[in-house]
Amino acid sequence: MTAVLLSFAWAVPLSEREAGKVLDGGRDRGLLTHLDGKLGEEWTAAENFLTSYTTPPLRRVLRKRTGGSRLAIRLGALSLPCELVVTWHPSYHAMTLILTTTVTAPTADRPAAEFDLAIAVLQSLQGRETANGTAGLHGGYGEKTFPSLLKAVTHIFEDLTKGCGLTEGLSRKGWCVELRSHDGHPPAQRVAADPRPFYGMATSDEGWRFVPREVAREALGPSWGTRSFVAAYTMAGGIVCLNSKDSEYVEHQDELMRGPFGEAEPYFGIDSDVGGLDHGMLFILERVLIRMALADQWLRTAQHEMRTLAGKQKAASRTRLLRGSLDDILEMLHSVLPPEIDSLERRLVTSMGVERIIAQLDRQAEAMDEETRYTYENTVSARVTRLTVVTVVLTIVTIVLGVLQVVVSL
């Protein structure tokens, strides 16, 4: 049996002051709690094994209510399990929200029904609203019902950021769909047999059955994977992954680790309900979304300040500060993960259009450099003009004084 695991992520720039208000305020109001239990253990195991941070992220989870979750995904009488993980990334000064769910079809009598429901969930998370009331796909938060999952998450986001003065919203988004089986078979064979459903989940296209197979296969492109049982495909929306890790692999890795290190590595035994946590795909998605969100923020700030500072004396110095902050963004855009998963990140960077964002940043930087040169030249020209005027005045005064001396001597 194959489980369809869906993780949908948003990234938002957030200052340290704002992050403190979100995390502390969320705790004080009973909205957030520490990421612990099985979910926390698996997340920690994956993060410790696959990532390296100067300052590790602070991860929290939306607290559950008595009798159910604060956040709910419902389709009529069907309720899908879900969690909302809220993370502050000190290294990037950004926050991510990750909604995770396991998609189970309401009926098993229709082929690929779980794929259709997963695509519907993706569309609802992007804002598509149901016109079918509570019988349709909708989101719940507390006692309220919303016509789309995006509206429910947005309401949670507004509650978490209340009083922060935050102007950023949930604009940068992406997803990771993981199809989890435990048979150890090479998953690329499934895609080769019929790539259309995987294309549908990669693009949230409900009409995947009517897409020509060769079109779907070409759109997915080549797969990525460092194991025979893993195949990942990157698209503009994010990642679709097939993971058929079985018990034989887990037992072999445990035995291998006990020899030199004396104990098994917890990461290898992960069988999480969080799509993309295994093999670090979710961490890659987070990084790419964060960098895109920070680049968006920088572009808006730079364009606004260049208009505001045009012609002012402080324009050149402020522009240089903005240019320096851009260099930090570009350096982060080119930063890499460990080699075994770096190639997947580079694919996702290409698929999600980060190169286009870098081109925008470069064009804006050129405009800023030109503006700085123009301001500098105008400043120098104005100073030369003033110096010339002063020199002329002094010359005239000297001549007048000389003439007066001659007249007085006569």
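What you are looking at is a predicted structure, and each value in this text was computed from that prediction instead of being measured.

Caption draft 1: Representation of the sheet that holds strand β13 (residues 230-234) in the model. The strand order across the open sheet built from 8 strands is β2-β3-β8-β9-β1-β12-β14-β13, with neighbouring strands paired in mixed fashion. At either end of the open sheet lies a strand with only one pairing partner, and these are β2 (32-34) and β13. Neighbouring strand axes in the sheet, compared pairwise and without regard to direction, differ in orientation by 25 degrees on average. Strand direction decides the pairing type here: β13 and strand β14 (residues 238-243), joined by 5 bridges, are antiparallel. Across the sheet, Ala-232 pairs through a bridge with Cys-241, a residue of β14. Where helix α2 (residues 37-50) meets the sheet, it contacts β3 (58-62), β8 (82-89) and β9 (94-103), and its direction lies at approximately 150 degrees from that of β3.

Caption draft 2: Region of the structure containing helix α3 (residues 113-125). With 13 residues, α3 ought to run about 18 Å at 1.5 Å a step, and its terminal C-alpha atoms sit 18 Å apart, in line with that. Taking burial as the measure, the 13 residues of α3 include 11 buried ones, the bulk of the element. Within α3, burial applies to Ala-113, Phe-115, Asp-116, Leu-117, Ala-118, Ile-119, Val-121, Leu-122, Gln-123, Ser-124 and Leu-125.

Caption draft 3: Quick look at the pattern of salt bridges. The full count for this structure, using the stated rule, is 17 salt bridges. Lys-162 is the partner of Asp-159 in a salt bridge, and the nearest nitrogen-oxygen pair spans 3.8 Å. Overall, Asp-159 belongs to the buried group, its relative accessible area being 18%. Judged by its relative accessible area of 58%, Lys-162 falls in the exposed class.

Caption draft 4: Local environment of the packing of aromatic side chains. Counted by the stated rule, this structure contains 8 aromatic pairs. Considering the side-chain rings of Phe-49 and Tyr-267, the 4.7 Å spacing of their centres and the 10 degrees angle between planes classify their relative orientation as stacked. Of this pair, Phe-49 sits in helix α2 while Tyr-267 sits in the loop between α8 (247-261) and α9 (281-309), and the two are 218 residues apart along the sequence. A relative accessible area of 36% places Phe-49 in the partly exposed class. Aromatic pair Phe-229 and Tyr-249: ring centres 4.7 Å apart, planes at 65 degrees, arrangement edge-to-face. Residue Phe-229 is located in the loop between α7 (213-220) and β13, and its partner Tyr-249 is located in helix α8; the two are separated by 20 residues in the primary sequence. Since its relative accessible area comes to 15%, Tyr-249 is described here as buried. An aromatic cluster is defined as three or more aromatic residues linked by ring pairs; in this entry it consists of Phe-49, Phe-229, Tyr-249, Tyr-267 and Phe-268.

Caption draft 5: Broad picture of unusual backbone geometry. Even without being a glycine, Ser-204 presents a positive backbone phi close to 55 degrees. Among the secondary structure elements, Ser-204 is positioned in the loop between α6 (196-203) and α7. Taking the relative accessible area as the measure of exposure, Ser-204 reaches 11% and is therefore buried.

Caption draft 6: Representation of the environment of Phe-229. The exposure class assigned to Phe-229 is buried, which follows from its relative accessible area of 5%. Separated by 44 residues in sequence, Phe-229 and His-185 place their C-alpha atoms 6.0 Å apart.

Caption draft 7: Structural context of the sheet that holds strand β10 (residues 137-141). Read from one edge of the open sheet, 4 strands run β7-β6-β10-β11, paired in antiparallel fashion. Each edge of the open sheet is held by one strand with a lone partner, namely β7 (78-80) and β11 (144-146). If you compare each strand with its neighbour and ignore which way they point, the axes differ by 30 degrees on average. Bridge count for strand β6 (residues 71-75) against β7 is 3 bridges, and the pairing is antiparallel. Opposite Arg-74, over in β7, you have Ser-79 as the bridge partner. Those strands touched by helix α4 (residues 149-160) are β6, β10 and β11, and its axis lies near 20 degrees from that of β10.

Calculation criteria
- Residues numbered from 1 in each chain as written.
- Predicted model: local features only at pLDDT ≥ 70, side-chain atom pairs only at ≥ 80, totals over all residues.
- Heavy atoms only, no water.
- Pairing = 2+ DSSP bridges.
- Helix = DSSP H or I, 4+ residues; strand = E, 2+ residues; numbered from the N terminus.
- Axes fitted to C-alpha atoms, helices over the stretch in contact; angles between N-to-C directions.
- Contact = heavy atoms within 4.5 Å.
- Expected span 1.5 Å × (residues − 1).
- Buried < 20%, exposed > 50% of the residue type's maximum accessible area, 1.4 Å probe, protein only.
- Salt bridge = Lys/Arg side-chain N within 4 Å of Asp/Glu carboxyl O.
- Phe/Tyr/Trp six-rings, centres within 6.5 Å; stacked < 30°, edge-to-face > 60°.

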